[in-house]
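# Architecture and fold: a report
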Amino acid sequence: MSGRKRKFWGWGFDDQRVPEAEAAMVRESLSKTYGTALEAAAVPPEAGEFDLRAPRIKAPQSLARIAHDDAHERLVHAYGKSFPDSVRMFQRHVPEPPDVVFYPESARDVADVLDWASRENVAVIPFGGGSSVVGGVETAVGGSYRGVASLDLGRMGRVIEIDRASRSARIEAGAFGPALEAQLKPHHLTLRHFPQSFEFSTLGGWIATRSGGHFATLYTHIDDFVQAMEVVTPAGQFATRRLPGSGAGPQPERLMIGSEGTLGVITSADMRLQDAPKFRASAAIRFADFLSGAEAVRALSQSGLHPSNCRLIDAQEARGTGAGDGSASVLVLGFESADHPQDHKLARALELVRDHGGQWDPPRQGGHREGAAGAWRDAFLRAPFWREVIVPLGIIVDTFETAITWDRFAGFHANVTARMKAAMRAATGHEGRITCRFTHVYPDGPAPYFSFQVPGRFAVLMVQWRAIKEAANEIVVNEGGTITHHHAVGRDHRPGYGREVPPLFISMMQAAKAVSDPAAILNPGVLFDPVSRAVGVTGAMAR
Ligand SMILES: Cc1cc2nc3c(=O)[nH]c(=O)nc-3n(C[C@H](O)[C@H](O)[C@H](O)COP(=O)(O)OP(=O)(O)OC[C@H]3O[C@@H](n4cnc5c(N)ncnc54)[C@H](O)[C@@H]3O)c2cc1C
């Protein structure tokens, strides 16, 4: 990164605060919603206020060049960026910070850290941007290690080489979104992977978590853009071959994609790129109810039109983000191409949505950043910053995302909504709100993204949040959805993951880990337990 310090207790850089006028607007809006004047119960923390556990281990002289153990670094690397992470920072509660933070500058440095850690029984948590919302980078690893180190790839952010003919580039894993795109731009190429966390997340993190990005259909996850990769494990290194496709048995990249730092450290990847789009066509379509919007989206997803944006937002969320007035659900629909006009595709899509009661104003030229789409996009980018205003007010605000086949969607949506309302009431005694949008859609089903909000009490926010989060995990899996469509498993979704995949498959993953990481030092507690240690549930979900 730029050398600018990151905020350890919220989103963005240390010197970035929500302007007071904007903070007042958020407070007033919430006070109006809950009919009471909400007051902040805490102020943002300073690093000096934390009585951090003294480092239990020290980096060896050979790694001193890349090692840091000052309080700010240890705090930045203690948690990710989820709601409970913010709460614990505002409550000044960080019992298990990393003992040391390493900033490797090369694959050799990564290998040296892993060698040392394996010998010394030190757990190592790979860290990209630290934007995990599932406890993926948390340094809570159970009691069987001498210490815990965070391994921050942030100094490995170069685009190493570009193959213009094949439209791909080899990129170091610590490249943050904006720096990565800035290095591709002079070559008129783009990765076009824009998660909401784009500014503060990295290529290696996206691959390790199977991140979901810009494209609502077809290329929904980062997976298909990965051509090859280089990996450093405690047992050795490997690089896979750059190929446009291959049918040669199980693919090594596919084992690493989604491995969440448990099998090895991705140090670079060859990525398939795109030409920047020149032609766009978009429209915002209103539906009287969410389910008729969902039927229209189903028709679109099965039409072969492949819109790049196909975001159905329910009426309540549309009002909250300025994408609508609350009287209708809104579908933000967009097509793009570097090669040919998209108006004919939009025209056909509008015929399809009309059959399901969709209504729209005349589409505007280049309107993807105007009107409902623009308003929604602005709110989408600003929302992560508002958490620092909301947490001290004692409001629980969080999201969860999943995917479900079309045949089950209507019942799923109704049950998740009703049961989450009951869970929020049981945990806080208050009526909560839950809204839904689709982030990605497939011919066989949507990826619904739920946002919920309910007033809690600042002093017991963790207890209240945990009860609701446990209920959400349970409801989603019981109702037949996946525990996560793109936020990953980390520590917080582990029980749900254990129910989603067959036990024999977990044993196969454990066997792979026993080979690549024999001392079981890499990210213990994430995805599954290593065969040699019972780590169990650690982090925000641990009681
Ligand atoms: C406001 C906000 C919005 C978000 N929006 C989206 C979204 O739109 N789409 C989406 O998919 N996710 C989203 N997320 C979740 C998060 O940004 C993603 O999981 C992202 O892919 C994490 O990237 P990172 O570089 O921050 O990784 P980190 O959070 O640092 O790490 C994530 C996991 O990957 C492992 N890891 C990181 N780098 C490596 C590496 N080089 N080798 C091996 N393992 C590694 C870590 O150990 C950890 O388990 C959002 C999060 C926030 C806070």
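Fair warning: this is a prediction, and the values are worked out from it, not measured in the lab. (Residues numbered from 1 in each chain as written. Predicted model: local features only at pLDDT ≥ 70, side-chain atom pairs only at ≥ 80, totals over all residues. Heavy atoms only, no water.)

## A few points about the pairing of strand β14 (residues 329-337)
Counting buried residues along β14, nine of its nine residues qualify, which places the element largely inside the surrounding structure. Pairing analysis gives nine bridges linking strand β12 (residues 279-287) to β14, with the strands arranged antiparallel. Each residue of the ladder has a partner; that of I285, found in β14, is L331. Of the pairings in the sheet, the one linking strand β13 (residues 309-313) to β14 comprises five bridges and is antiparallel in character. Of the residues in β14, the one forming a bridge with C310 is L333. (Buried < 20%, exposed > 50% of the residue type's maximum accessible area, 1.4 Å probe, protein only. Helix = DSSP H or I, 4+ residues; strand = E, 2+ residues; numbered from the N terminus. Pairing = 2+ DSSP bridges.)

## Some points on the domain arrangement of the protein chain
The domains assigned to the protein chain are domain 1 (20-153) and domain 2 (280-478). Averaged C-alpha coordinates put domain 1 and domain 2 at centres separated by 30 Å. Tallying the contact residues gives 22 residues for domain 1 and 23 residues for domain 2. A combined buried area of about 2,000 Å² lies between domain 1 and domain 2, and 74% of that area is made up of carbon and sulfur atoms. Scanning the region where domain 1 abuts domain 2 turns up one salt bridge. A salt bridge links R382 to E22; the shortest N-O distance between them is 2.7 Å. Linking domain 1 with domain 2 are eight residue pairs in polar contact (both at pLDDT 80 or more). At the level of secondary structure, the elements contributing two or more residues to the side of domain 1 that touches domain 2 comprise α1 (20-34) and α3 (83-90). For the side of domain 1 that touches domain 2, the element with the highest residue contribution is α1, accounting for eight residues. Here the residues of the side of domain 1 that touches domain 2 are counted per class, giving 13 nonpolar, four polar and five charged. (Domains from an automatic or database assignment. Contact = heavy atoms within 4.5 Å. Buried area = accessible area lost by both parts, 1.4 Å probe. Salt bridge = Lys/Arg side-chain N within 4 Å of Asp/Glu carboxyl O. Polar contact = N/O pair within 3.5 Å; in protein donor to acceptor, adjacent residues only side chain to side chain. Nonpolar A, V, L, I, M, F, W, Y, C, P; charged D, E, K, R; others polar.)

## What to know about the sheet that holds strand β4 (residues 147-152)
Taken in spatial order, the four strands make up an open sheet running β1-β2-β4-β3, and their pairing is mixed. Strands with a single pairing partner mark the edges of an open sheet, and in this sheet they are β1 (67-68) and β3 (122-127). Pairing of β3 with β4, which is carried by six bridges, proceeds in the parallel orientation. Bridge pairing links I125 to S150 in β4. Packing of helix α4 (residues 107-120) onto the sheet brings it into contact with β2 (100-102), β3 and β4, and relative to β3 it is tilted by some 150°. (Axes fitted to C-alpha atoms, helices over the stretch in contact; angles between N-to-C directions.)

## Things to note about the nonpolar core
Counting residues in hydrophobic clusters, the biggest one holds 73 residues, and the most contacted among them are L300, L331, L333, F400, M420 and F438. Ranked by the residues each element gives to this core, the list is headed by helix α13 (residues 461-478), at eight residues. Residue assignment places this core across two domains, with domain 1 (20-153) and domain 2 (280-478) each supplying three or more. Residue contacts for L333: discarding those within four places in its chain leaves A281, S282, A283, I285, L300, P307, N309, C310, L346 and A349. Ranked by size, the runner-up nonpolar core spans 37 residues in total, among them A169, L191, I483 and F528. (Core = buried A, V, L, I, M, F, W, Y, C linked by side-chain atoms within 4.5 Å.)

## Considerations on the state of the cysteines
Applying the stated criterion across every chain yields a total of zero disulfides. We note that C310 lacks a disulfide partner, and the nearest cysteine sulfur, in C436, lies 13 Å from it. Exposure remark for C310: the relative accessible area of 1% places this residue in the buried category. For C436, a relative accessible area of 1% puts it in the buried group. (Disulfide = S-S within 2.5 Å.)

## Quick word on the packing of aromatic side chains
Within this structure, the stated rule accounts for 18 aromatic pairs. Arranged with centres 5.1 Å apart and planes meeting at 70°, the rings of F13 and F200 form a pair that is edge-to-face. Separated by 187 residues along the polypeptide, F13 in the segment before α1 and F200 in the loop between β7 (189-190) and α6 (203-209) bring together distant segments of the chain. Since its relative accessible area comes to 7%, F13 is described here as buried. (Phe/Tyr/Trp six-rings, centres within 6.5 Å; stacked < 30°, edge-to-face > 60°.)

## A few points about the site of the ligand
In the vicinity of the ligand lie 36 residues, with P126, G128, S131, S197 and T202 positioned nearest. The contact in question runs from an oxygen atom of the ligand to an N or O atom on the backbone of G130, over 2.8 Å. One of the side-chain nitrogen or oxygen atoms of N523 is found 3.1 Å away from an oxygen atom of the ligand. Notes on the ligand: free accessible area 960 Å², of which the protein chains cover 96%. If you list the elements that add at least two residues to the shell around the ligand, you get β3, α6 and β10 (265-272). Of all the elements, α6 adds the most residues to the shell around the ligand, at five residues. Residues belonging to the shell around the ligand are distributed by class as follows: 14 nonpolar, 20 polar and two charged. (Near = heavy atom within 4 Å. Areas by Shrake-Rupley, 256 points an atom, 1.4 Å probe, with all protein chains shown as cover.)

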